[in-house]
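Listed here are the chains, written in short residue letters.
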Amino acid sequence: MSPAAVNAVQVLTIALGAPFVSGAVARMEAVIQGRHGPRILQPYHDLAKLFRKETLAPRGSTWVFVWAPLGAFTAYLVVPLLIPVLTSYPLPLGYMGDIIGGGFVLALAGFCVALAAAESGGPYAQLGSSRAMTFGALVEPSILFIVFTVGLITSTDLPYALAATVRSSFGEIVRPAHVLAAAAFFMVVLADTGRIPVETHTGTLEFGMIDEARAFEHSGPLFALMKWGSAMKQFILYTIFVNVFIAPWGLASSGAPQSVALAIAALFLKALALGAVFAILDNSFAKLRLFKITDFMAAAFLIAVMAVLIFYLGGG
Amino acid sequence: MSMILAALLLIPFVAAIVSLIGSRRAAETVTVAAGVASLVLTVLLMPVVDRRGTVHAGVWLRVDAISLVFLLATSFLYAMAALYAIGYLRDASAPEEDTIRHVRRFYAGMNLFAWAMLSVPIVNDLALVWIGIEITTVVSALLIAVEDTDGAAEAAWKYVVLASAGLSIALLATVLMYFAGTTALGGSYEPRVTLLVAVGGSLPPTVVKLSFVLAVLGFGTKVGLVPVHTWLPDAHSEAPTPVSALLSGSLLTVSFYAILRYVQIAQRSIGPTYPRTVLLIFGIASLLLAALYVLDQRNLKRLLAYSSIEHMGILAIGTGFGATIALVGIFLHVLAHAAAKATAFFGAGSVLHKFGTQDMRSIRGGLDVLPWSGPLFVLAVLALGGMPPFGLFRSEFQIVTGGLAGDRFALTATLVVLVTLAFFGLTLFSTRIMVSPGRDLPPRGEASGWMVAPMVLGVAVLLVLGVHPPADLQRLLELAAGELRSVR
Amino acid sequence: MAHVPTVFDSVANVIAVGVLLAEFGMFRASMVDSQLRLYAVQSWLVAALAAVVAATRHVPSLYALAIVSAVLKAIVVPWIMLRFLHRADVDLARISKVRVSSIVLTGIAVAAIGFFAIGSLRIQSPVLPSAALAIAAGEVLVAFLLIIARTDIVSQAVGIFSLENGVFVASLVLAWGLPILLALALVFDLLVAVLVFAIVIRSLHHQEDTLSAEVLDRLKG
């Protein structure tokens, strides 16, 4: 397959596979809790249903309210071009942006959603939006230091490079900088996808809602795009974590259709394994009180800083 | 001869066990006996060390001139404190059962304390020195808290936390010195002091410097050097009097002994200048702070505690000067300070006992009320201030001479000024409580002869040390100074 | 850019970082139970490090040390402290006076100072990577910060114990060949210290009827 085709398949995998991962994780959570749980393909049905419904906009909202979900969705479609989803070698469009670029695009998506939520005038949406922005800002230093670590280890900041480095030897896997950066990134993923102990993924406890609340005022296809975008964001973060940091194996090394298909299967397997871990964590810990979330962010920051410092100490 | 070393270690330990299980009489007797026996044994060691230089017992125990000075000071105080404690504990008016438990704990603690303090100069191993000092910390913490008074638990807590933190730093220093030794002695060896001194010249300088600074900081916590002295005033003022005497008179100096060993090793590796500078810095800081605090004290024992910090600062400064005469001075200072501080604390104990308070603003007319301990206390305080003809004057004079000999005029001048300042503070407050007439005085008379006798001995020793130290002793001091000074 | 450390070096450094992170974790633990549990975790990590060194560098005496220190520090010490506390019948939850996130940031700064101060001396040990020594130095400084920041005496005591853990790691790097007798004497010595701590805490609790360190301000000047 030509590189352009592989690129397209990458985007499609993320876009179409995201609801599946969401559904599977929700099912795993329910099973651990002893319930039967929803159908694994339930999110697809939800999206289909939502696309058929009508759109309502609050009075006083402008074009931002309508276009923001589209903007976010587009951004989420762009990011898979930049990260190693299916291949171990960088695809042509993969040079469009590095890790920092990918981070910026993800932040752009979050910004669009927050803007729309703030614009809507609904109290819960604004609550969620402001909280998301605050905690997002607190997570940024950790992300920065993780990026620094990646840069220090590989002398570039292409995610493909780190994946290649981790694959290269066992020593690279256990090196302290890498272990710590991976741990910090795990905590960042946890915070960004809205999981325990930062937020309850299911349910609508307004005292704790951050991400979930932002889509409160949207309806119909716009809401579908928001939900889809959020599921894509989760899948993207999972992909970055497994394909760059901890398990960069199973990626296609050529454009041959079989390897690409295998790579897709491997990706889903790894993402579901990670989802299982998150599901177990969900059921093992309690949610932190809102103002204790800063402790969590501080811990992630601590680990990320340690990763950089230990690199400079010569030990990692 | 080597039997003496083993005996010195065994006797206090046995005394502790006997005190724990015997009657009050037995505990008293065995403690005094142990104290006197240690003193006698130590004195017996003097001519041997004068003649041969060191006394060995296997490879683990070794007494040279430096150790012997500290052993003398400690065993002398052991005997004195044991005598004092008899009188001190006899006035307990609590019910019999409680008292006997308290008495047993007290004497057992004192014996263990003395055992630990005596073992530190005898063992020849840096790690064992550390362990010995750690044992002194835990035992003395228990002794400080043994009387369950209001401030005692607080003082014991501060002491144990700060001393443990300091000793952790000292452990780091020990380990660093061990590491320095591995370059010359291989990966695994016994960190004997003699061994490290012998290979001192080939130790890596950076590691030794770091180790030395950490040692001064860490062991300095137990010596009472500024800025890690903050536990000292509390601990020494809240402890029972015999324990305060042992703490101020012996424990501080035994911890300084550890620093001296590090000086010995370090100066062979990095030369004498660096260790001396470090000690001078800490010494001047301690002296300055102590002198200033002495001027502002209300509590009698706290005043004496700050005076201890002052004298430890003088010890550090003397070592920092480095001239032979200064080093002779510091070893004499160790002995004289032990005697003077103990006597002063015993007097303070009698005052506290008689007047019921340590607050100097409300104590007057001490000389009228305490016919023996009053004047003796005044003499001891004058001695602490550095007044001739007592031993501390001689030692401080020797240190000042050493400073001038090394061309350190500014520092020597500072030393003299600060010591004078402290002298004013000390004598002003303590003589005021003794000499000024007062009203509603408690009945005249000493509480117990046992509490007076050690004070008489102390002052006598001070006079002897000041007027004419015996020739043996003089030789011993010079030998010790020579050992400390040698760089090859 | 830089070389990749060997697997042994990496594992040792990761364990050392674990010790440091446990120290930071104690900042967060507001209940004494969790603090003691973190101390136990830290002690296990330290014992693991000793065992790893014993295995790969062929220093068999360290096995004994690892086992003894694990038993004493990870099991006996928390047990003693908890028993004393429960007998003293005391409310075990305490709050630190400074907010956790601020003090974690201060701790990072302090640890970084320790790292680079010791790291700049370039002390090379044949047994453990020199980064482990720098991490241990950082841990010691953070333990000091912990003691300062805490307002109850049990936390201060646990702070002192974790300080000893840091010095233990440093001594693994620097004094791996210390004769086993001395090393064991050191560990037992710490046990005695713990007993004394417990006794003094009990006596203080008996006097003041509280375990907060803020009442310890009677002796001043």
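Notes on the structure follow. Keep in mind that what you see is a predicted model, and the values were worked out from it rather than measured.

Observations regarding the overall build of chain B
Secondary structure assignment for chain B yields 19 helices and 2 strands. Here the C-alpha radius of gyration of chain B, 21 Å, is about what a compact globule of 488 residues would show, namely 23 Å. Overall size of chain B, expressed as C-alpha extent along the three principal axes, is 70 × 50 × 40 Å. Out of the 488 residues in chain B, the part that is buried amounts to 64%. Within chain B, contacts between residues at least 6 apart in sequence are counted, and of these 81% link residues at least 24 apart.

Topic: the pairing of strand β2 (residues 61–64) of chain B
Residues and elements named next belong to chain B. Of the two faces of β2, the one carrying Leu61 and Val63 and the one carrying Arg62 and Asp64 are both buried. Note that strand β1 (residues 54–57) and β2 share 4 bridges and pair antiparallel. The residue of β2 that forms the bridge with alanine 57 is leucine 61. In this structure, the hairpin formed by β1 and β2 is closed by a connection of 3 residues, where glycine 58 is found at a positive phi of approximately 70°.

Re the interface of chain B and chain C
Residue-level contacts link 36 residues of chain B with 34 residues of chain C. Taken together, the elements giving at least two residues each to the side of chain B that touches chain C come down to α5 (126–144), α6 (150–185) and α8 (205–223) of chain B. Among the elements that make up the side of chain B that touches chain C, the one with the highest residue count is α6(B) (20 residues). Residue composition of the side of chain B that touches chain C, by class: 21 nonpolar, 7 polar and 8 charged.

Observations concerning the environment of Val123(B)
All names here are of chain B. Topologically, valine 123 is positioned in the loop between α4 (96–122) and α5. On the basis of neighbour counts, which here come to 22 C-beta atoms within 10 Å, the residue valine 123 falls in the buried class. Beyond its immediate stretch of four places on either side in the chain, valine 123 contacts Trp60, Leu61, Leu128, Val129 and Gly132.

Looking at the interface of chain C and chain A
Counting from both sides, the interface comprises 25 residues of chain C and, opposite them, 23 residues of chain A. It is helix α1 (residues 7–28) of chain C that provides the largest number of residues to the side of chain C that touches chain A, a total of 9 residues. Taken together, the residues of the side of chain C that touches chain A break down into 17 nonpolar, 6 polar and 2 charged.

So, unusual backbone geometry
The peptide bond linking Ile196(A) to Pro197(A) adopts the cis configuration, its omega dihedral lying at 5°. Within the secondary structure, Pro197(A) sits in the loop between α8 (176–192) and α9 (211–214). Look at the link from Pro388(B) to Pro389(B): it is a cis peptide, with omega at 5°. One can find Pro389(B) in the loop between α15 (373–384) and α16 (391–405). With a phi close to 65°, Asp407(B) is a non-glycine residue in the positive phi region. Tracing the chain through its elements places Asp407(B) in the loop between α16 and α17 (409–435). Given 10 C-beta atoms within 10 Å, Asp407(B) falls into the exposed group.

Some remarks on the arrangement of the chains
The pair of protein chains exhibiting the most contacts, out of 2 pairs of chains in contact, is chains B and C. For the non-touching pair chain A and chain B, the nearest C-alpha separation works out to 18 Å.

Overview of the nonpolar core
In terms of nonpolar packing, the biggest core is built from 393 residues, with Ala184(A), Ala307(A) and Val69(B) touching the most fellow members. Ranked by residues supplied to this core, first place goes to α6(B) with 23 residues. With near-sequence residues (within four places) excluded, Ala184(A) lies in contact with Ser142(A), Ile146(A), Ala300(A), Ile303(A), Ala304(A) and Ala307(A).

Considerations on the packing of helix α12 (residues 300–321) of chain B against α16(B)
All names here are of chain B. Running from N to C, α12 and α16 point in directions that differ by 35°, and their axes come no closer than 9 Å. Regarding α12 and α16, the two cross each other, and that crossing is left-handed. Two secondary-structure elements touch here, α12 through Ile314, Ile317, Gly318 and Phe321 and α16 through Glu396, Ile399, Gly402 and Gly403. When its residues are assigned to classes, the contact of α12 with α16 shows 4 nonpolar, 3 polar and 1 charged.

Cut-offs applied
Residues numbered from 1 in each chain as written. Chains lettered and ligands numbered in written order. Predicted model: local features only at pLDDT ≥ 70, side-chain atom pairs only at ≥ 80, totals over all residues. Helix = DSSP H or I, 4+ residues; strand = E, 2+ residues; numbered from the N terminus. Rg over C-alpha atoms; globule rule 2.2 N^0.38 Å. Buried ≥ 20, exposed ≤ 12 C-beta atoms within 10 Å, placed from the backbone. Contact = placed C-beta atoms within 7 Å. Pairing = 2+ DSSP bridges. Nonpolar A, V, L, I, M, F, W, Y, C, P; charged D, E, K, R; others polar. Core = buried A, V, L, I, M, F, W, Y, C linked by C-beta atoms within 7 Å. Axes fitted to C-alpha atoms, helices over the stretch in contact; angles between N-to-C directions. Left-handed = near helix turned anticlockwise from the far one by under 90°.

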